[in-house]
Amino acid sequence: MFGNTLDRPDYRRAEREAERLLRDMDVTVPPVNPITIAAELGVKVWFANFTGTSSNVSGFYDCKDNSIYVNKDEYPPRQTFTIAHELGHKMLHEEWANSGEYKVLWRDVAGQEQDAKEVEANAFAANLLMPKFLMDRYIDRGISPSQMATLFAVSLPAMRNRLSKLYGL
Amino acid sequence: MASEPPSPGGERDIALTSVTDRVIITDRDAARHATAGKEGADPELTRNFGQAVHLQHQLDDKKETNRYKEVRYDKLIELSPVIIAAFVVILGFAVFIGCMFAALGHETQAEYWAKQGERGIGTAVAALAYIFGKSTK
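Thresholds, definitions, all that
Residues numbered from 1 in each chain as written. Chains lettered and ligands numbered in written order. Predicted model: local features only at pLDDT ≥ 70, side-chain atom pairs only at ≥ 80, totals over all residues. Heavy atoms only, no water. Helix = DSSP H or I, 4+ residues; strand = E, 2+ residues; numbered from the N terminus. Buried < 20%, exposed > 50% of the residue type's maximum accessible area, 1.4 Å probe, protein only. Areas by Shrake-Rupley, 256 points an atom, 1.4 Å probe, with all protein chains shown as cover. Pairing = 2+ DSSP bridges. Core = buried A, V, L, I, M, F, W, Y, C linked by side-chain atoms within 4.5 Å. Contact = heavy atoms within 4.5 Å. Patch = residues over 30% accessible without salt bridge, like charges linked within 9 Å, V, L, I, M, F, W, Y side chains within 5 Å. Salt bridge = Lys/Arg side-chain N within 4 Å of Asp/Glu carboxyl O. pLDDT = per-residue confidence, 0-100. Buried area = accessible area lost by both parts, 1.4 Å probe. Polar contact = N/O pair within 3.5 Å; in protein donor to acceptor, adjacent residues only side chain to side chain. Nonpolar A, V, L, I, M, F, W, Y, C, P; charged D, E, K, R; others polar.

Counting its secondary structure elements, chain B contains three helices and one strand. The linear arrangement of helices and strands in chain B, starting from the amino end, is α-β-α-α. For chain B, the proportion of its 137 residues judged to be buried stands at 24%. Of the roughly 10100 Å² of accessible surface on chain B, a fraction of 63% belongs to carbon and sulfur atoms.

With that settled, consider the sheet that holds strand E3 (residues 67-71) of chain A. Sheet strands associate in pairs through backbone hydrogen bonding, adopting either a parallel or an antiparallel arrangement. Pairing within the open sheet is mixed, and its five strands lie in the order E4(A)-E2(A)-E3(A)-E1(A)-E1(B). In the strand order of this sheet, the two ends are held by strand E4 (105-106) of chain A together with strand E1 (35-39) of chain B, each with one partner. Two strands pair when backbone bridges link them, and strand E2 (residues 57-62) of chain A and E3(A) are joined in this way by four bridges, in the antiparallel orientation. Opposite A:Asp62, over in E3(A), you have A:Ser67 as the bridge partner.

This brings us to the nonpolar core. Looking at soluble globular proteins, one finds that nonpolar side chains tend to be buried together. A:Phe124, A:Leu128, A:Met130, A:Met148, A:Phe152 and A:Met159 are the most contacted members of the largest nonpolar core, which totals 56 residues. Ranked by the residues each element gives to this core, the list is headed by helix H5 (residues 116-129) of chain A, at six residues. If we ignore the near neighbours within four places in the chain, the residues touching A:Met148 are A:Met135, A:Tyr138, A:Ile139, A:Ile143, A:Met159 and A:Leu163. If you look at the next biggest cluster of nonpolar residues, it comprises five residues, including B:Ala85, B:Val89, B:Ala127 and B:Ile131.

With that settled, the discussion passes to the environment of A:Tyr61. Tracing the backbone shows A:Tyr61 in strand E2. Separated by 37 residues in the primary sequence, A:Tyr61 and A:Asn98 have C-alpha atoms spaced 8.6 Å apart.

Residue and element names in this part refer to chain B. Residues Phe93, Ile97, Phe101, Leu104, Leu128 and Phe132 make up a contiguous nonpolar surface patch of roughly 630 Å² in combined accessible area. When residues of the nonpolar patch are traced back to their parent elements, those giving at least two are helix H2 (43-105) and helix H3 (110-136). Tallying contributions element by element places H2 first for the nonpolar patch, with four residues. Take isoleucine 97: it is sitting in helix H2.

For the rest of this paragraph, the subject is the confidence of the model for chain B. Residue and element names in this part refer to chain B. For chain B, per-residue confidence averages 81 on the pLDDT scale, and 79% of positions sit at 70 or higher. Per-residue pLDDT, averaged within each element of chain B, yields its smallest value for helix H1 (residues 28-33) (85) and its largest for H2 (92). Interface confidence for the predicted complex, given as ipTM, is 0.81, next to a pTM of 0.71.

What follows concerns the side chain of A:His93. Residues and elements named next belong to chain A. Tracing the chain through its elements places histidine 93 in the loop between helix H3 (76-92) and helix H4 (94-97). By relative accessible area, histidine 93 is classed as buried at 6%. Discounting residues that sit within four places of it in the chain, histidine 93 has contacts with Gly88, Lys117, Glu120 and Ala121.

Right, let's talk about the interface of chain B and chain A for a bit. With 32 residues of chain B at the interface, the matching set in chain A holds 46 residues. Note on chain B versus chain A: buried area summed over both sides is about 3400 Å², and carbon and sulfur give 61% of it. At the junction of chain B and chain A, the tally comes to two salt bridges. Note that A:Asp62 and B:Arg32 form a salt bridge whose closest N and O atoms lie 2.6 Å from each other. Here chain B and chain A share 11 residue pairs in polar contact (both at pLDDT 80 or more) between them. Looking at the side of chain B that touches chain A, the elements that each hand over two or more residues are H1, E1 and H2 of chain B. The leading source of residues in the side of chain B that touches chain A is H2(B), at 11 residues. Among the residues making up the side of chain B that touches chain A, the classes are represented as 15 nonpolar, six polar and 11 charged. As paired elements, strand E1 (residues 44-50) of chain A and E1(B) share three bridges and run antiparallel to each other. Residue pairing for E1(B): A:Phe50 is matched across the bridge by B:Thr35.

Here it is, written out as structure tokens:
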């Protein structure tokens with residue numbers, strides 16, 4: 001039902017929505033805390049252990065109680081990204097996220113990268129956690145990628161990817 | 001009655017909704033039921049954000065310190081001609097006084113020392129004029 005509505009990821013929309021959210025929340029300095037943003041949107045974030053076959057789940061959005069569940073065992077920057085990713089689904093694909101076609105986020109995202117919605121949610125998360133207007137403020141100050149990652153509370157690979165996309169670094 | 005053969009994927013299959021993409025597609029209900037010990041916060045994540053905020057403050061402090069240093073440096077650069085001029089004023093007056101004493105001590109060369117003293121005071125006055133000219137701009 002929802003699979004055919006989106007063939008290619010709409011990066012611009014993901015960026016626009018993230019920027020709008022940051023503007024609405026009056027975010028002016030890093031780090032961007034997606035838990036605070038989720039709370040403002042009325043979305044509760046839970047940290048939980050996933051057992052059995054779901055132990056490799058990074059997180060998922062539960063439409064029943066409008067909550068995001070994050071795997072407690074994952075390391076903090078990954079949890080941050082997972083929350084932002086699920087917020088992306090809530091903001092960009094709410095109808096789909098509330099449907100049975102929704103997919104939970106696994107640690108191994110290799111297959112999910114192909115899905116336009118997952119790519120959009122990732123783009124949303126990157127724009128939410130590492131917005132260009134905040135990155136611009138620190139990029140020319142001789143700060144290492146590692147420090148940038150700490151500053152924005154994201155993983156080093158995520159920061160490197162963002163630096164490469166925004167500034168070709 | 002023959003029983004149904006066990007699923008090759010075992011328990012994992014219960015969590016999967018699609019047989020075509022067993023690796024990534026799962027049932028949200030399965031994940032929901034697999035959650036245990038949920039908590040509203042994660043101390044490690046909170047600490048991580050604390051570190052980020054701390055670094056942000058450090059960087060902002062550093063930026064402010066650098067800005068202050070830059071302002072001071074700019075001011076010093078701007079003031080340096082005046083400082084040099086002030087030094088020339090002092091030197092000029094010192095030369096003048098020195099020459100006056102020399103003229104008093106060597107009456108035969110008084111004219112020579114008076115001339116040098118005049119030059120000294122002339123230089124001091126020119127430097128002083130520069131300072132006043134600069135401050136009125």
